[in-house]
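Topology and contacts: notes
So you can see what is in the structure, the chains are spelled out below.
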Amino acid sequence: MEDWLRGDALANFQPGKVYIVEFWATWCQPGVGEMLHLMRLQEKYRDSGLEVVAVAANEDAPTAVEARTKLDAWLTEKCSNLNYRIAFDYTGEMNKLWMEPSFSAGLPTSFVVDRDGQIAFIGHPSQLDQILPEVLNGSWRTSDKAKAADTERMAKSEPMARELALKKPIDDKFWAAVKLEDWKTALWAIEEGIALMPDDNNFRLAHAHLLLHKIQDMWTGLPVMRQLVRDAIDKNSEDWMVSALDQLFHPANDRSRLPPAERFAMGKELSEHILALNPPQGDSLKYRSYPAVARYYHDNGNNDRAIELVELALKSLDGPEPVPGELKEQHLPDLLQALANYRGGKVCYGALCAAPQNRLPGGAKARPGEKNT
């Protein structure tokens, strides 16, 4: 390990103990809730020989020093009373040794090392409550349940891991070009990605974004945008439709060169399909899609409808389908800011308030595409 931020350094696994080695990141949605879960497991099974080690090997920052500082501050704010070790690695070595050989692609991922020093389980931490007692009593690793769980995991994880391995050189080239604001090189990287994976949403969005908002080649970009809208609707995918709508109406994007009539026509079609898929009277979560639709209505002059949609998005945060606290904390400020801007006055949700302002809610910036996490 490169560094230890919490707890004593661990040089090796001690025979007779059981270890949970969990890979996670501060940007991962489960966040604090998952850390509390690990704290409960550490407390419950400490006397049985359990040691929890959380590995932060995917922090998003330009340098190791910045990543470590950011991580340390996050831990101090969110979980000041941790009862297990936190390890930090910016070199990528831990991912090469653990995540990649096991075809583990998503975060968080838990590895359970048994008393013999063998990896007995790899999977999502939500499964730990079920399997830990059997690992601790020594019956898990050779059981039929363990074999079935690993077979199921590989069936899901291996294709995803292989796809990420194919995309990594393209992603690296793309983000290096973005950092330099070399939009043509970024475009070449994305076009290479689309040739390899024509149905990848991140590549398709980045393609449209670069052409329309960075290179501003309307002659090439508009047909790309039209096809993106068409495919999003044909797939009946809320994620695809919201992402396409953002290309047309998100205030972080420069829409000045887009033909207004065509922009609003595409926005109308996308918005109607989103509302049909996730209707206002339904209980489905609306915090992601409704703000995007509200921006269309606001730009189109129907401010009352924009207010109504943002209010429904806020209401859905407390609906019958529970929203994790970390996710609610992430989306609430932008929803309040949008509502304050549309109403033209201060709005509050509990102790959190927002006043109208001209800048983009949350200080967000336009991004050519989203990293595949």
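Whatever comes next refers back to the structure up there.
Residues numbered from 1 in each chain as written. Predicted model: local features only at pLDDT ≥ 70, side-chain atom pairs only at ≥ 80, totals over all residues. Heavy atoms only, no water.

Below, the discussion takes up the packing of helix α5 (residues 144-179) against helix α7 (residues 201-214). Running from N to C, α5 and α7 point in directions that differ by 25 degrees, and their axes come no closer than 13 Å. One element, α5, and the other, α7, form an angle in the roughly parallel class. Where α5 crosses over α7, the handedness of that crossing is left-handed. Of the residues in α7, those in contact with Lys167, Ile170, Asp171 and Phe174 of α5 are Asn202, Phe203, Ala206 and Leu210. Residue classes in the contact of α5 with α7 are distributed as five nonpolar, one polar and two charged. (Axes fitted to C-alpha atoms, helices over the stretch in contact; angles between N-to-C directions. Helix = DSSP H or I, 4+ residues; strand = E, 2+ residues; numbered from the N terminus. Parallel < 35°, antiparallel > 145°, perpendicular 65-115°, else oblique. Left-handed = near helix turned anticlockwise from the far one by under 90°. Contact = heavy atoms within 4.5 Å. Nonpolar A, V, L, I, M, F, W, Y, C, P; charged D, E, K, R; others polar.)

Attention shifts here to the environment of Thr26. By the element assignment, Thr26 lies in the loop between β2 (18-24) and α1 (31-45). Its relative accessible area of 10% is what places Thr26 among the buried residues. Spatially, the C-alpha atom of Thr26 lies 12 Å from that of Thr69, the residues being 43 residues apart in sequence. Those residues within four positions of Thr26 in sequence are excluded, and the remaining contacts are Glu59, Leu71 and Trp74. Engagement of the side chain of Thr26 in a polar contact is seen with the side chain of Glu59, the distance being 2.6 Å. (Buried < 20%, exposed > 50% of the residue type's maximum accessible area, 1.4 Å probe, protein only. Polar contact = N/O pair within 3.5 Å; in protein donor to acceptor, adjacent residues only side chain to side chain.)

Let us look at the environment of Ala11. Considering the arrangement of structural elements, one finds Ala11 in the loop between β1 (3-6) and β2. Residues Ala11 and Met1, ten residues apart in the sequence, show an inter-C-alpha distance of 8.6 Å.

With that settled, the discussion passes to the side chain of Glu22. Mapping Glu22 onto the fold places it in strand β2. The buried charged residue Glu22 lacks any salt bridge partner; its closest oppositely charged side chain belongs to Arg40, at an N-O distance of 11 Å. Within the structure, Glu22 has its side chain in polar contact with the side chain of Ser110 (distance 2.7 Å). Not counting the four nearest positions on each side in its chain, Glu22 is found in contact with Glu34, Leu38, Val53, Ala54, Val55, Pro108, Thr109, Ser110, Pro125 and Leu128. (Lys, Arg positive; Asp, Glu negative; His and termini not counted. Salt bridge = Lys/Arg side-chain N within 4 Å of Asp/Glu carboxyl O.)

Below, the discussion takes up α5. In an α-helix, one full turn covers 3.6 residues, which means residues spaced three or four apart are oriented alike. Spanning 36 residues, α5 covers 49 Å between terminal C-alpha atoms, matching the ideal 52 Å at 1.5 Å per step. When the local axis directions of α5 are compared, the greatest deviation, roughly 40 degrees, occurs at Lys167, which is followed within four positions by the proline Pro169. All of the buried residues in α5 are Ala146, Arg153, Ser157, Ala161, Lys167, Ile170, Phe174, Ala177 and Val178. Looking at the buried positions of α5, the neighbouring elements they touch are β6 (119-123), α6 (183-196) and α7. Two residues or fewer past α5, Glu181 is found with a positive phi of approximately 55 degrees. (Expected span 1.5 Å × (residues − 1). Bend = angle between axes of the 7 residues up to and from the residue.)

Further remarks concern the pairing of β6. For β6, a buried count of four out of five residues is recorded, marking the element as mostly surrounded by other parts of the structure. Pairing analysis gives four bridges linking strand β5 (residues 109-113) to β6, with the strands arranged antiparallel. Looking at β6, one finds that Phe111 is bridged to Ile122. Between β5 and β6, which follow one another and run antiparallel, lie five residues, and Gly117 among them has a positive phi close to 80 degrees. (Pairing = 2+ DSSP bridges.)

Turning our attention to unusual backbone geometry. For the bond running from Leu107 to Pro108, omega is 0 degrees, close enough to zero to count as cis. Relative to the assigned elements, Pro108 resides in the loop between α3 (93-99) and β5. Even without glycine at this site, Glu181 takes up a positive phi of about 55 degrees. Residue class for Glu181 comes out exposed when judged on its relative accessible area of 57%. One non-glycine residue with positive phi stands out, namely Asn236, at about 55 degrees.

Moving on to the side chain of Ser243. One can find Ser243 in helix α9 (residues 238-249). Ser243 sits in the buried class, given a relative accessible area of 9%. Excluding residues that lie within four positions of it along the chain, Ser243 makes contacts with Asn201, Leu205 and Arg288.

Quick look at the nonpolar core now. Membership of the largest hydrophobic core comes to 63 residues, with the highest contact counts inside it found for Phe174, Met225 and Leu270. With eight residues, helix α8 (residues 218-235) is the single largest residue contributor to this core. Each residue touching Leu270, except ones within four places of it in the same chain, is listed here: Val229, Ile233, Met241, Ala244, Leu245 and Leu248. (Core = buried A, V, L, I, M, F, W, Y, C linked by side-chain atoms within 4.5 Å.)

Before going further, it helps to spend a moment on the state of the cysteines. Working definition of a disulfide: a covalent bond connecting the sulfur atoms of two cysteines. Applying the stated criterion to the full structure yields one disulfide. There is a disulfide in this structure between Cys348 and Cys353, and the S-S distance comes to 2.0 Å. What sets the handedness of the Cys348 and Cys353 disulfide is the S-S torsion sign, and at about 105 degrees it is right-handed. The cysteine Cys28 is free of any disulfide, with Cys79 supplying the nearest cysteine sulfur at 13 Å. (Disulfide = S-S within 2.5 Å.)

Everything listed is a geometric property; what it means functionally is a separate question.
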